Amino acid sequence: MYDWNALWHCHQGYRTGYDSPQQDINQLAAELGAQLVKPASHPGDVAVYDQGEQFLLVGHEQGLQLLHLAKHALFDIQVRFVPDLAPAPCVEVYVRNQATGEEDSWRTEVRREADGQIWLGKRLLSEGSMPAMPFDALSFTDNARFRDLLYNAWQQALPRLQQEIGNWRPQADLEARQLARYRALLQVEQARMKHRFDQQACDRLRLALAGHHFDQPQDCRGLWLIVEHYWVSQAAEQDWRPLLDTLRSLDFAAEIALIEWLQ
């Protein structure tokens, strides 16, 4: 759930000494009035107890020490640029608290002008000021520590947002998805090619199609006509009719896949 040892060290200034006759930190449930949720697995590890509204972390460090962590304070804040969100690209701030199961997000539209200036709603990103983010769905939205960390997360993210939005090319994500689909289509079609064209057929096709660049998609349609012309003019002594019959049976997608496969 959490990196408990990281939290133990991060909040070391808030730990308190704990006096107990029980030195096994995995055996303090009754004494603390809490449920053990993560036992210590080695001497430097911490044991974690759930006491309802808070977690109790217990560890050995110059004697027993105890750390209280309120569940509502264990939140994660992510600030990111979301370019492909309809109806417009936006900046999103996502907050999640695993301990309480709460989550909420705030978004504002992004607009990049021709001169490179980036607008978030009605304010420039370069101003650096944090927009109002209510997060009404979170019970800790008015918590001072949450607001301080939210502001820090926003300020730290600004240089990255400026760079990502500045480098953003509209439709780039859509084009990447289309390319991935195209490659998947090719893989399926080319798997079929292996069962329809043996090595001799492939060699003949490469000869017949040599010098044709197929720069435009429409150039790939009707391959059998190119191959038939080569057969009649260059290899009439051979029987290419079975190959031509197979080529005539191909649809447009299969013809494109065949050209990619041969190249």
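Every value quoted in this text rests on a predicted model; they were computed, and no experiment measured them.

(A) Up close: the overall build of the protein chain. Each helix and strand in the protein chain was counted, giving eight helices and 10 strands. Principal axes of the C-alpha set define a box for the protein chain whose edges measure 100 × 50 × 30 Å. Classification of the 263 residues of the protein chain by burial places 39% in the buried group.

(B) Representation of the side chain of Gln-190 within the structure. Inspection of the secondary structure puts Gln-190 in helix 4 (residues 172-196). Only 3.3 Å separates the side chain of Gln-190 from the backbone oxygen of Ala-257, close enough to count as a polar contact. Aside from chain neighbours lying at most four places away, what touches Gln-190 is Ala-257, Glu-260 and Trp-261.

(C) Spatial organisation of the side chain of Lys-38. For Lys-38, the location among the structural elements is in strand 2 (residues 35-38). In this structure the side chain of Lys-38 is engaged in a polar contact, spanning 3.0 Å, whose partner is the side chain of Asp-45. Apart from residues no more than four positions distant in its own chain, Lys-38 is found in contact with Trp-4, Asp-45, Val-46, Ala-47 and Val-48.

(D) Inspection of the sheet that holds strand 6 (residues 76-82) at higher detail. One open sheet holds the five strands; their spatial order is 6-7-8-9-10, and the pairing between them is antiparallel. Unpaired on one side and paired on the other, strand 6 and strand 10 (123-124) mark the two borders of the sheet. Here seven bridges tie strand 6 to strand 7 (residues 90-97), and the two strands are oriented antiparallel to one another. Bridge pairing in strand 7 links Phe-81 to Val-91.

(E) Spotlight on the pattern of salt bridges. Across all of its chains, the model carries 12 salt bridges by this definition. A salt bridge links Glu-92 to Arg-107; the nearest nitrogen and oxygen atoms lie 2.8 Å apart. Placement of the pair is Glu-92 in strand 7 and Arg-107 in strand 8 (residues 102-112), with a sequence separation of 15 residues. For Arg-248, the salt bridge identified is with Asp-245, shortest N-O distance 3.1 Å.

(F) Expanded view of the sheet that holds strand 2. Taking strand neighbours across the sheet as the criterion, the five strands line up as 1-5-4-3-2 in an open arrangement whose pairing is antiparallel. Each edge of the open sheet carries a strand with a single partner, namely strand 1 (16-17) and strand 2. With two bridges connecting them, strand 1 and strand 5 (residues 64-70) associate as antiparallel partners. By the bridge assignment, Thr-16 is partnered in strand 5 with Leu-66.

How each quantity is defined
- Residues numbered from 1 in each chain as written.
- Predicted model: local features only at pLDDT ≥ 70, side-chain atom pairs only at ≥ 80, totals over all residues.
- Heavy atoms only, no water.
- Helix = DSSP H or I, 4+ residues; strand = E, 2+ residues; numbered from the N terminus.
- Buried < 20%, exposed > 50% of the residue type's maximum accessible area, 1.4 Å probe, protein only.
- Polar contact = N/O pair within 3.5 Å; in protein donor to acceptor, adjacent residues only side chain to side chain.
- Contact = heavy atoms within 4.5 Å.
- Pairing = 2+ DSSP bridges.
- Salt bridge = Lys/Arg side-chain N within 4 Å of Asp/Glu carboxyl O.

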